[in-house]
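Architecture and fold: a report
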Amino acid sequence: MIRYIRTERSIRRLQQRTEDVECELILTKDAVISSERDFPLWKVWDISARTASGRYWFLYLHTDEGVFAFRTEEPPDGFIGRYNKLKN
């Protein structure tokens, strides 16, 4: 499991509001599960990461439906390592 930040935008009374919501990306033996959807492991081709700043990383989930990005405050190396062990 790794925590990621999802930015939600809404308009209330003609004002745009932006709120960061903390969610979890969970890795099981069968899937990667986010707050929005599940990715069956057989549909996940790879997971990579890139640092965005001194504070954030982007974890990229490469699937047969495209690439999905997750912004995280913790280094994703452990999550990627666990994924690589499951895939091998």
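Calculation criteria
- For every chain, the first residue of its written sequence is number 1, and the numbers climb from 1 along that sequence.
- At least 70 in pLDDT is required for a residue's local features to be given in this predicted model, at least 80 for side-chain atom pairs to be given and counted, and no such filter applies to totals for whole chains, interfaces and linings, which use all residues.
- Side-chain descriptors were evaluated using all non-hydrogen atoms of the structure, hydrogens and water having been removed beforehand.
- Going along the chain from the N terminus, every DSSP run of H or I of four or more residues is numbered as a helix, and every run of E of two or more is numbered as a strand.
- Only protein chains enter the calculation, and the probe is 1.4 Å; a residue is then buried if its accessible area is under 20% of its type maximum, exposed if over 50%, and partly exposed in between.

Remarks on unusual backbone geometry
A positive phi is found at R13, a non-glycine position, where the angle reads about 50°. Take R13: it is sitting in the loop between β1 (2-12) and β2 (15-27). Judged by relative accessible area, R13 falls into the exposed class, the value being 82%. Residue L14 is not a glycine yet carries a positive backbone phi of 65°. By secondary structure assignment, the location of L14 is in the loop between β1 and β2. Residue classification places L14 among the exposed residues on the basis of a relative accessible area of 84%.

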